[in-house]
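Residue-level structure breakdown
Given next are the chains, with one letter for each unit.
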Amino acid sequence: MEQQEREHPVQCRANRPHQFSYENGILVTKIEPGRAEGVLNVSENSLNPHGMVHGGALAALADTVGGSCACARGRSCVTAGSSMEFLRPAEGPVITCVATPKKEGHTLSVIQVELSNAQGKLVATGTFTFFMMDQW
């Protein structure tokens, strides 16, 4: 199959959410070069024992949206490293994530993420490094 005939990875994500994301209430809502956005629809399965959104759910949202941002120019990638800063308890029906590149490289891309609650308050930030792979 010719390279241009293959489905672009961004289209693939936008048209058919990955099963992991679907099962965890994560939806990528926007992907364009230089920016990606997504949401975590909070459910009982998203909560820690204290009734707040689990840090792992926030990290999964950040990784998913950050990876979408890194791949927005048509390449594929895998997570090489990450760090998260949890700034306040995450509560509410939805958590939003915005991802922007700090560096888009041939081998590595570094993406900054910001997660906010329904009131627009910042609940977490993070930096994700992605290993960039060959185009599809």
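Let us look at the structure shown here. (Residues numbered from 1 in each chain as written. Predicted model: local features only at pLDDT ≥ 70, side-chain atom pairs only at ≥ 80, totals over all residues. Heavy atoms only, no water.)

**Focus on the pattern of salt bridges**
Pairing between side chains of opposite charge can happen when their charged atoms approach one another. Heads up, the rule is: Salt bridge, as used here, is a side-chain nitrogen of Lys or Arg placed within 4 Å of a carboxyl oxygen of Asp or Glu. The cut-offs for exposure are 20% and 50% of the maximum accessible area for each residue type, with area from a 1.4 Å probe on protein chains only; residues under the lower value are buried, those over the upper are exposed, and the others partly exposed.
The final tally for this structure, using the stated rule, is three salt bridges. With a closest N to O distance of 4.0 Å, Lys30 and Glu32 form a salt bridge. Residue classification places Glu32 among the partly exposed positions, given a relative accessible area of 33%.

**Some details on the side chain of Ser21**
What counts here: Counting from the N terminus, the helices are DSSP H or I runs at least four residues long and the strands are E runs at least two residues long. Two residues qualify as a contact provided that any one of their heavy atoms is within 4.5 Å of a heavy atom in the partner residue.
Tracing the backbone shows Ser21 in helix H2 (residues 19–23). Given the relative accessible area of 9%, Ser21 is considered buried. Beyond its immediate sequence surroundings of up to four residues, Ser21 is in contact with Ile26 and Thr64.

**A few points about helix H3 (residues 55–70)**
Cut-off, in case you're wondering: Expected span of a helix: the number of residues minus one, times 1.5 Å.
Along its 16 residues, H3 runs 22 Å from first to last C-alpha, staying within 8% of the 22 Å computed at 1.5 Å per residue. All of the buried residues in H3 are Ala57, Leu58, Ala60, Leu61, Ala62, Thr64, Val65, Gly66, Gly67, Ser68, Cys69 and Ala70.

By themselves, these figures tell us nothing about what the structure is for.
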